[in-house]
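Understanding the architecture of this molecule
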Amino acid sequence: MIDETTPPRVDSEVGPLRAVLLHRPGNELKRLTPRNNDQLLFDSIPWVDRAQEEHDAFAEVLRGRGVEVLLLADALRTALADTRAHAAGVHAAVDERRLGPDLADSLRSHLSSVAPATLAEVLMAGMTFEELPAAEGASLVRLMNHPNDFAVDPLPNLLFTRDSSAWIGDRVAVSSLTMPARVRETAVLDLIYAYHPWFRHAARAYGAHSAPIEGGDVMLLSPGVLAIGVGERTTAAGAESLARSVFADGIAHTVLAVPIQQTRATMHLDTVCTMVDADAVVMYPLSRDSLTAFTMRPTDDGSVKVEGPAPFLTAAAEAMGIDRLRVIDTGLDPVTAEREQWDDGNNTLALAPGVVVGYERNVETNARLAEAGIEVLAITGSELGSGRGGPRCMSCPIRRESI
């Protein structure tokens, strides 16, 4: 049970993790087919039962290290018990531009009367035209769509809770997601953060209607220092907007904007590197020397000063006030490094300084981490990884202790 008396706060990537938001794979993954998996951002069709077993084991590893686990589906059902949240949830589920006014009105009327658990399932797993309430009159939209087409899209990427929101200090940044398949996730997170008892008084560091930014690109290098990847999912405007917001709120003094390749393999900064200790990162070797950063700091007149670009490792160490960042490479040779980067070898979740969770299949990377004194808690991810994400992607820390 989550301790609702202790407010959320996250000041670093590696402070002892005490509470985290996860999403156990559900019926939304059963909506994936060879026809739609690319559109829904999955590389293959996952075996859902096995994915659930793997996720349960992941959650147990966290609980075994003293981490409280809040499951997104439970949090959403709790939030939707509030009548205001229920009404907002119905609004988020129904897209009149897709359904037309008559069918949209019919679906709104139906969803307004369902229990919170039922509405939560529709918001997460979607609804096909075949599953819509019985027709009342003719609808061209209903007639011209296949029964298995989606009237409400499923959200299979809810699994990756890091992307849809991120805590910075005592404030939450609700992401402005780029890909059409993920846009509606922000409505789900907005409901949770607005109406769940634990988050009801939490302030926002960023809003879902701002310039595109995703949590997988946001890294808290140390208290007051953020790195933001700019690439496939986060724009330069998003990075600058978030920087201005955290400066205005006084929760950061330096933000590094880090350009990354706009490819599927490097969709977020945390697919290139993650922090494994207060002064150490695990990093894809090909990025070690090529990664750069623009440094943003607030000025006395309320504007933002931008410097750079400079080598990322140099700029990060300077902003963090340390001599250098230790770098642990993924893989011993280029082929192994490329394979393990694709398999999320860099995408580790720190439970404490020097203790991380990683996929067991990244044998070379895990060995390199162990040699560097990092304890690796290895989990199975053969099915969880089909959507291109590792332990960090699958977790949104909501409370960490200070380092």
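Refer to the preceding data block for the structure.
Before going into details, it helps to say that this report is about the structure given with it. The structure presented is a predicted model; accordingly, all values stated were derived computationally and were not measured. (Residues numbered from 1 in each chain as written. Predicted model: local features only at pLDDT ≥ 70, side-chain atom pairs only at ≥ 80, totals over all residues. Heavy atoms only, no water.)

**Considering the environment of Glu 54**
Along the chain, the position of Glu 54 falls in helix H1 (residues 48-64). What makes Glu 54 buried here is its relative accessible area of 4%. When residues no more than four places from it in sequence are discounted, the contact partners of Glu 54 are Thr 380, Gly 381, Ser 382, Glu 383 and Leu 384. Polar contacts involving the side chain of Glu 54 include one to the main-chain amide nitrogen of Leu 384, which spans 3.1 Å. (Helix = DSSP H or I, 4+ residues; strand = E, 2+ residues; numbered from the N terminus. Buried < 20%, exposed > 50% of the residue type's maximum accessible area, 1.4 Å probe, protein only. Contact = heavy atoms within 4.5 Å. Polar contact = N/O pair within 3.5 Å; in protein donor to acceptor, adjacent residues only side chain to side chain.)

**Brief notes about the side chain of Thr 254**
Among the structural elements, Thr 254 can be located in strand E10 (residues 254-259). With a relative accessible area of 1%, Thr 254 lands in the buried category. At a separation of 2.8 Å, a polar atom in the side chain of Thr 254 contacts the side chain of His 253. In terms of polar contacts, Thr 254 uses its side chain to reach the side chain of Arg 297, at 3.3 Å. Here Thr 254 is in contact with Gly 224, Val 225, Leu 226, Phe 247, Thr 295, Met 296, Arg 297 and Ala 319, once residues within four sequence places are set aside.

**What to know about the sheet that holds strand E5 (residues 165-168)**
Ordered in space as E5-E6-E7, the three strands form an open sheet in which the pairing is mixed. The strands lining the two open edges of the sheet, one partner per strand, are E5 and strand E7 (203-206). Averaged over all adjacent pairs, the angle separating strand axes in this sheet is 35°, with direction ignored. Two elements, strand E6 (residues 171-174) and E7, share three bridges in a ladder whose sense is parallel. Within the sheet, the bridge partner assigned to Val 172 lies in E7 and is Arg 204. Together, E5, E6 and E7 form the strand contacts of helix H9 (residues 185-195), whose direction differs from that of E6 by roughly 160°. Running over the sheet, helix H10 (residues 236-249) touches E5, E6 and E7 and is turned about 140° from E7. (Pairing = 2+ DSSP bridges. Axes fitted to C-alpha atoms, helices over the stretch in contact; angles between N-to-C directions.)

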